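Here is how the chains run, residue by residue.
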Amino acid sequence: DSVKKVTHIAPADKDGKLIGEKVSQEGVIVIPCKKSLGLCAGVTNAPYRTTTEVYPDSPSATPEQCNEAQVACIEGALEHIIMQEEF
């Protein structure tokens, strides 16, 4: 939801997938980090890993919006981690 406040969310394809992976919630896919998709999250064994994809070449977002969306994504992830750790 944090990214949605800054820019649009990529829609799933007709099969409910993004980059060939099942969508778990709007704009989000959950994959094993060691799966060979060439994503940044696969280069570490940290307990929490993510790859954010916000493209400045989208006709619907400016480069500034893309930067703000990357920050919003990380802030949202940190809020999620804090909520998980509190319980």
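In this report, we go over the structure that sits alongside the text. Because the structure is predicted, anything quoted here is derived from the model rather than measured.

**Concerning unusual backbone geometry**
One non-glycine residue with positive phi stands out, namely Ile 19, at about 45 degrees. For Ile 19, the location among the structural elements is in the loop between β1 (17-18) and β2 (21-25).

**As for the pattern of salt bridges**
Inspection of the entire model under this criterion finds two salt bridges. Between Glu 26 and Lys 4 there is a salt bridge; the shortest N-O distance is 2.8 Å. With Glu 26 in the loop between β2 and β3 (28-29) and Lys 4 in the segment before β1, this pair connects stretches of sequence that are 22 residues apart. With its nearest N and O atoms 3.7 Å apart, the salt bridge here joins Lys 14 to Asp 15.

**Considering the sheet that holds β2**
Pairing is antiparallel in the open sheet, where three strands are placed in the order β1-β2-β3. If you trace the sheet from one side to the other, it starts and ends with β1 and β3, each paired once.

**Side note on the environment of Thr 62**
The topology assignment puts Thr 62 in the loop between β3 and α1 (63-86). With 55 residues separating them in the primary sequence, Thr 62 and Thr 7 have C-alpha atoms 9.0 Å apart.

**Side note on the side chain of Thr 7**
Within the secondary structure layout, Thr 7 lies in the segment before β1. Using a relative accessible area of 9% as the deciding quantity, one classes Thr 7 as buried. Within the structure, Thr 7 has its side chain in polar contact with the side chain of His 8 (distance 3.2 Å). For Thr 7, the residues in contact, after removing those within four places along its chain, are Ser 60, Ala 61 and Ala 69.

**Thoughts on the environment of Leu 78**
Position of Leu 78 relative to the elements: it lies in helix α1. According to the relative accessible area criterion, Leu 78 is partly exposed, its value standing at 47%.

Analysis parameters
Residues numbered from 1 in each chain as written. Predicted model: local features only at pLDDT ≥ 70, side-chain atom pairs only at ≥ 80, totals over all residues. Heavy atoms only, no water. Helix = DSSP H or I, 4+ residues; strand = E, 2+ residues; numbered from the N terminus. Salt bridge = Lys/Arg side-chain N within 4 Å of Asp/Glu carboxyl O. Pairing = 2+ DSSP bridges. Buried < 20%, exposed > 50% of the residue type's maximum accessible area, 1.4 Å probe, protein only. Polar contact = N/O pair within 3.5 Å; in protein donor to acceptor, adjacent residues only side chain to side chain. Contact = heavy atoms within 4.5 Å.

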